[in-house]
Amino acid sequence: PGDRAAADPERALTLGVMGGGQLGRMFVHAAQQLGFRTAVLDPDATSPAGLVAHAHVQAEYLDEAGLQALADTADAITTEFENVPAEALRRLAERRPVAPSGDAVAVCQDRAAEKAHFVGCGVPVAPHAVIADEAALAAVSDDLLPGILKTARLGYDGKGQIRVADRAALEAGWAELGRVTCVLEKRLPLAFEVSVIVARGRDGRVVAFPLQQNLHRDGILAVTTVPAPAGTPALEAEAIGCAARIAADLGYVGVLCIEFFLLEDGSLVANEMAPRPHNSGHHTIDSCDLSQFDLQVRAMAGLPLAKPRLHSPTVMLNLLGDLWFDAAGQERTPDWAAVLALPGANLHLYGKESARRGRKMGHLTITGATPAAARETALQAAALLG
Ligand code: ADP
Ligand code: MG
């Protein structure tokens, strides 16, 4: 599609996205900035992205008529969450350019395949074993305990995983997870968690965002800080190098995020990857001259990728549904006016109809002239939000 001008007034091209969540919504906003029309496929009538796109195909991800309608409308198609069936992307690819490919997304959907891919790229991973049956369970080495048992598929935000201290807990945990294929990982001594986001074009050019430092609460991302306080130029180069190899070996086109553990001994271990823009990159909308969504649009439309530049140190706070309830459990609206009075505060709300505990309702990006200034304001924002 990139061979035709994005903003051709004769016929604006349409970019399609599988999934209508907040990532799709921010993708749609970025696409619209470049003059593209947008189409979203999502089963939910009031999905955050469906509400702001030019067209909303309300259908299940594997519904043939829905896929047909999306392919009829969109000139190129991407995905906004990794659990869209890879099969749906493969079917769409028979009709339209699809980026990232169903094959690349399939690797990201399976922790065992993902780890094998990392290893194949020479990227260090946690010691682990794949548990697909009783025999594999019995053969697990004691070296992997205490560990974390994770379902190979469909886990996110800490769901589908159980911490197991010993063999008895491992057996009970595997039963609790329904004896589906799992990956058992050795529990590592984490000093910090970091992530890096790269975008790879059809020509193989890779550009990267700066290293991001992430704090999780209850398995859900809570805070991202950039520049990463624990980062060094060498560490950043190592992480970006790993991400670029992982992307190249997948023949990847689009935005890819790799999450890493920084261990107490200073070594870097890849944890998992997301074949799409990532929550830890939401700050880029406000802190960089090009956002992760801008680069996703460019990559899938075949437009040039330019290297993004961080122009402001930043702290991103995720806004979970919990903030919409007071201590007594009564619904309330957070005091946005007070938050917006803070310098460098950019509030993003995703337009979700109802708040639930643990549900991602929005995020707040705080930029500052210095890392200390951004941090100071973020602490004030956190205090205001309670
Ligand atoms: P999810 O798909 O839910 O994000 P992750 O594999 O990223 O699953 O695990 C969630 C969190 O659990 C990580 O961000 C990290 O804090 C912790 N964790 C996961 N694996 C390990 C490990 N091997 N050692 C120590 N902590 C871990
Ligand atoms: Mg994770």
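Predicted model, so just to flag it, every value in this text is computed and none were measured.

Engineer: Got a sec to walk through helix H12 (residues 371-385)? Specific residues and values, please.
Structural biologist: The terminal C-alpha atoms of H12 lie 21 Å apart, and with 15 residues this matches the ideal 21 Å at 1.5 Å per residue to within 8%. Close packing links the buried residues of H12 with strand S15 (314-320), helix H11 (336-340), strand S16 (345-349) and strand S17 (360-367). Note on H12: the residue one or two positions beyond its end, glycine 386, has a positive phi of about 75°.

Engineer: Tell me about helix H8 (residues 233-249), and name the residues and values.
Structural biologist: Along its 17 residues, H8 runs 24 Å from first to last C-alpha, staying within 8% of the 24 Å computed at 1.5 Å per residue. Taken together, the buried positions of H8 are Leu235, Ala239, Ile240, Cys242, Ala243, Ala244, Ile246 and Ala247. Where the residues of H8 are buried, they touch helix H5 (111-120), strand S9 (190-200), strand S10 (206-208), strand S13 (254-263) and strand S14 (268-274). Just beyond H8, the residue with positive phi is glycine 251, at close to 60°.

Engineer: Tell me about the UniProt feature "domain: ATP-grasp" (unreviewed entry) in the protein chain, and please be specific about residues and values.
Structural biologist: When the UniProt feature table is mapped onto this chain numbering, "domain: ATP-grasp" (unreviewed entry) sits at residues 115-301. When the span residues 115-301 is considered, its composition is 28% helix and 33% strand, and the gap between its end C-alpha atoms is 30 Å.

Engineer: So what about the sheet that holds strand S4 (residues 76-79)? Which residues, and what values?
Structural biologist: Pairing in this open sheet of four strands is parallel, and the strands run S3-S2-S1-S4 from one edge to the other. Only two strands of the sheet have a single partner each, and these edge strands are strand S3 (55-57) and S4. Between one strand axis and the next, the sheet turns by 25° as a mean value, whatever way the strands run. Bridge count between strand S2 (residues 37-41) and S3: three bridges; the pairing is parallel. Bridge pairing in S3 links leucine 41 to valine 57. Packing of helix H10 (residues 292-301) onto the sheet brings it into contact with strand S1 (14-18) and S4, and relative to S4 it is tilted by some 140°.

Engineer: I'd like to hear about unusual backbone geometry, residue by residue, with values.
Structural biologist: Note that the residue after leucine 145, namely proline 146, is joined by a cis bond; omega there is -5°. The peptide bond linking valine 226 to proline 227 adopts the cis configuration, its omega dihedral lying at -5°. Residue placement: proline 227 occurs in the loop between strand S12 (220-226) and H8. In this structure, leucine 154 is a non-glycine residue whose phi angle is positive, near 65°. Among the structural elements, leucine 154 can be located in the loop between strand S6 (147-151) and strand S7 (161-164). Here arginine 179, not a glycine, exhibits a phi torsion of approximately 55°, which is positive. Within the element layout of this structure, arginine 179 appears in the loop between helix H7 (167-176) and strand S8 (182-186). On the basis of neighbour count, arginine 179 is assigned to the partly exposed category, with 13 C-beta atoms found within 10 Å.

Engineer: Could you give an account of the site of ligand 1, naming the residues involved and the relevant values?
Structural biologist: Not every one of the 17 residues close to ligand 1 is listed here, only the nearest: Ala126, Gly158, Glu185, Arg187 and Leu188. At the level of secondary structure, the elements contributing two or more residues to the shell around ligand 1 comprise S6, S9 and S14. Residue classes in the shell around ligand 1 are distributed as five nonpolar, five polar and seven charged. When residues of the shell around ligand 1 are sorted by domain, at least three fall in each of domain 2 (127-186) and domain 3 (190-385).

Engineer: Please set out the packing of helix H1 (residues 22-33) against H10 residue by residue, giving values where relevant.
Structural biologist: Two numbers describe how H1 lies on H10: the axes approach to 8 Å, and their chain directions differ by 65°. Classed by the angle they form, the pair H1 and H10 counts as roughly perpendicular. Once H1 is placed against H10, the crossing between them reads as right-handed. Where H1 approaches H10, its residues Met26, Phe27, His29, Ala30 and Ala31 are matched on the opposing element by Phe293, Asp294, Gln296 and Val297.

Engineer: I'd like a rundown of the pairing of S4, residues and numbers included.
Structural biologist: What you see with S4 is no split at all: Ala76 and Thr78 on one side and Ile77 and Thr79 on the other are buried throughout. Examined bridge by bridge, S1 and S4 share four bridges and lie parallel to one another. Following the sheet pairing, valine 17 is matched in S4 by threonine 78.

Thresholds, definitions, all that
Residues numbered from 1 in each chain as written. Chains lettered and ligands numbered in written order. Predicted model: local features only at pLDDT ≥ 70, side-chain atom pairs only at ≥ 80, totals over all residues. Helix = DSSP H or I, 4+ residues; strand = E, 2+ residues; numbered from the N terminus. Expected span 1.5 Å × (residues − 1). Contact = placed C-beta atoms within 7 Å. Buried ≥ 20, exposed ≤ 12 C-beta atoms within 10 Å, placed from the backbone. UniProt positions renumbered as here; feature names shortened; annotations may be inferred. Pairing = 2+ DSSP bridges. Axes fitted to C-alpha atoms, helices over the stretch in contact; angles between N-to-C directions. Near = placed C-beta within 6 Å. Nonpolar A, V, L, I, M, F, W, Y, C, P; charged D, E, K, R; others polar. Domains from an automatic or database assignment. Parallel < 35°, antiparallel > 145°, perpendicular 65-115°, else oblique. Left-handed = near helix turned anticlockwise from the far one by under 90°.

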